[in-house]
Amino acid sequence: MTNFEAVTADDVRLMQDLAQRVTALRPDLVNSDAAFGELAWNWGKGHAADGGSWTRRLWFGGGELVAWGWAQLPRRVRLGDGSVRDVAGAYLAYQVHPEHGGLIDEVIGWYDGAVAAGVERTATASAADGFALERWAAHGYGPDPASLGDTGSWTQLNERDLTDLESPVLPAGFRFRTADEAGAEAAVRAHVDAWAPSSYTAESYQGVRRTAAYRGDLHVLVEAPDGTMACSTIMWLDEVNRTAEFEPVGTHPGYRRLGLARAMLLHGMRLARAAGATHMTVACLGAPGHPQARGLYYGVGFRELSRDVPLIKDPSA
């Protein structure tokens, strides 16, 4: 393995700056790992438990970050129910500025050198980035068949503008809260309940709050009449591009099919607009076998902007 460089909060801020510049130029090239909000969320929630298996490399040009690679190496994940999950392969998140596209070969070469021989290697590229897909293929990577089927795990990014927003309607007795109002314990519980079994902890949330992009007034929850936080989402505001991203969005299984997530999204978009956003994005699984989230987002006005291509390289290569 090459020299290990941990992924820090300062690194993430540089990566977010690149995401903002790419978004301004070619938003369709921002794959799901490299979005402004996704970067903060992924680092914040995972750095405490998984940071020891993360390594990165940064490429600069003209004093600015123009490319980065973030390799997630094999590791053991402990879930909240006490179970463990071994991740045997390596995964690469990355971004290359379109004006420095030739660096993709260096990113791939670094990734192949950063993981041990014999480890399955995966990555995700934007379907709109034809040049990058050609270079991945030249290095022995191809589309991952297991991720591209009807129940596959490929992701699509959805967008809408923030005009003509419906008024949110909650069932009687439910109310909107923010994380600033409800507190850290409630914010953590809302996520854990929605995504159980989850590895998310109070320490994870501390990491999320450490990121420069986090705002507790844009972290929205729906409180049930009994005090349960039944639904939650975080909005990540990119002030440069006046766009905001929902990530994550989750509902407690005991409170689904009540229209809570729909109301929360509409309320969240109104808050984002009041904070200066004119545009909103949210990602979801795009395969036909995963219609629930896509239907929710389409139902409040989102439509597909771009999609990812999951890539894989044989362990023997």
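Each value, and the rule that gives it
Residues numbered from 1 in each chain as written. Predicted model: local features only at pLDDT ≥ 70, side-chain atom pairs only at ≥ 80, totals over all residues. Heavy atoms only, no water. Helix = DSSP H or I, 4+ residues; strand = E, 2+ residues; numbered from the N terminus. Expected span 1.5 Å × (residues − 1). Buried < 20%, exposed > 50% of the residue type's maximum accessible area, 1.4 Å probe, protein only. Core = buried A, V, L, I, M, F, W, Y, C linked by side-chain atoms within 4.5 Å. Contact = heavy atoms within 4.5 Å. Disulfide = S-S within 2.5 Å. Phe/Tyr/Trp six-rings, centres within 6.5 Å; stacked < 30°, edge-to-face > 60°. Lys NZ or Arg CZ within 6 Å of the ring centre and 35° of its normal. Pairing = 2+ DSSP bridges. Salt bridge = Lys/Arg side-chain N within 4 Å of Asp/Glu carboxyl O. Axes fitted to C-alpha atoms, helices over the stretch in contact; angles between N-to-C directions. Parallel < 35°, antiparallel > 145°, perpendicular 65-115°, else oblique. Left-handed = near helix turned anticlockwise from the far one by under 90°. Nonpolar A, V, L, I, M, F, W, Y, C, P; charged D, E, K, R; others polar. Polar contact = N/O pair within 3.5 Å; in protein donor to acceptor, adjacent residues only side chain to side chain.

Under an unreviewed UniProt entry, the protein has the name GNAT family N-acetyltransferase and belongs to Streptomyces niveus.

Caption draft 1: Representation of helix H9 (residues 260-274) within the structure. With 15 residues, H9 should reach 21 Å at 1.5 Å per residue; the first-to-last C-alpha distance of 21 Å fits that figure. Those residues of H9 that fall on the buried side of the exposure criterion are Leu260, Ala261, Ala263, Met264, Leu265, Leu266, His267, Gly268, Met269 and Ala272. One or two steps after H9, the chain reaches Gly276, where phi turns positive at roughly 120°.

Caption draft 2: Broad picture of the nonpolar core. With 31 residues, the main nonpolar core has Phe174, Phe246, Leu260, Met269, Met280 and Phe302 as its most contacted residues. Among the secondary structure elements, those contributing two or more residues to this core are strand E10 (219-223), strand E11 (229-238), strand E12 (243-251), H9 and strand E13 (279-285). Sequence-distant contacts of Leu260, that is, excluding residues within four places in its chain, are made with Leu170, Pro171, Phe174, Val222, Ala230, Cys231 and Tyr255. Core analysis: the second largest hydrophobic core is formed by 25 residues, Ile104, Ile108, Trp110 and Ala123 among them.

Caption draft 3: Local environment of the state of the cysteines. A complete count under the given rule lists zero disulfides for this structure. Cys231 provides the cysteine sulfur closest to Cys284, a residue in no disulfide bond, and the two sulfurs are 16 Å apart. Judged by its relative accessible area of 6%, Cys284 is buried.

Caption draft 4: Representation of the packing of aromatic side chains. Inspection of every chain in the model, using the stated rule, returns 10 aromatic pairs. Consider the rings of Trp41 and Tyr200, whose centres lie 5.5 Å apart with planes at 35°: the pair is tilted. Of this pair, Trp41 sits in helix H2 (residues 36-50) while Tyr200 is found in the loop between helix H7 (184-195) and helix H8 (202-210), placing the two residues 159 residues apart along the sequence. Taken as a pair, Trp41 and Tyr200 share a single burial class, namely buried. Lying over the aromatic face of Tyr298, Arg303 brings its terminal NZ or CZ to 4.8 Å of the ring centre.

Caption draft 5: Representation of the pairing of strand E14 (residues 303-313). As judged from the six bridges shared by strand E6 (residues 121-126) and E14, these two strands associate in the antiparallel manner. Within E14, the position partnered with Ser126 by the bridge is Asp308. With two bridges connecting them, strand E7 (residues 142-143) and E14 associate as antiparallel partners. Each bridged residue has a counterpart across the sheet, and for Gly142 the counterpart in E14 is Ile312. As defined by bridge partners, strand E8 (residues 155-161) adjoins E14 across four bridges and the pair is classed as antiparallel. Note that in E14 the partner of Gln156 across the bridge is Arg307.

Caption draft 6: Main features of unusual backbone geometry. Note the cis peptide between Ala196 and Pro197, where omega equals -5°. Secondary-structure assignment places Pro197 in the loop between H7 and H8. The backbone of Arg257 sits at a positive phi, close to 65°, despite the residue not being glycine. By secondary structure assignment, the location of Arg257 is in the loop between E12 and H9. In this structure Arg257 comes out as exposed when scored by relative accessible area, which is 86%.

Caption draft 7: How the structure looks around the environment of Val220. Structurally, Val220 is set in strand E10. For Val220, a relative accessible area of 1% corresponds to the buried category. Taking the C-alpha atoms as reference points, Val220 and Asn241, separated by 21 residues in sequence, lie 22 Å from one another. Apart from the residues within four sequence positions on either side, Val220 is in contact with Phe176, Arg177, Cys231, Ser232, Thr233, Met235, Met264, His267 and Leu271.

Caption draft 8: Layout of the pattern of salt bridges. In the structure shown here, the tally under the stated rule is 14 salt bridges. Overlapping salt bridges bring together Arg175, Arg177, Glu181 and Glu223 as one network.

Caption draft 9: Up close: the packing of H9 against helix H10 (residues 291-299). Closest axis-to-axis distance for the H9/H10 pair is 10 Å, and the angle between their directions is 45°. Judged by the inter-axis angle, H9 sits oblique to H10. Handedness of the crossing formed by H9 with H10: right-handed. Contact with H9, carried on its side by Ala261, Arg262 and Leu265, involves Leu296, Tyr297 and Gly299 of H10 and no other residues of that element. Tallied by class, the residues present in the contact of H9 with H10 amount to four nonpolar, one polar and one charged.

Caption draft 10: Main features of the environment of Tyr255. Tracing the chain through its elements places Tyr255 in the loop between E12 and H9. Relative accessible area serves as the criterion here: at 15%, Tyr255 is assigned to the buried category. Separated by 47 residues in the primary sequence, Tyr255 and Val208 have C-alpha atoms spaced 25 Å apart. If near-sequence neighbours (up to four positions away) are discounted, Tyr255 is found in contact with Phe174, Ala224, Asp226, Thr228, Ala230 and Leu260. At 2.9 Å, the side chain of Tyr255 and the side chain of Asp226 are in polar contact.

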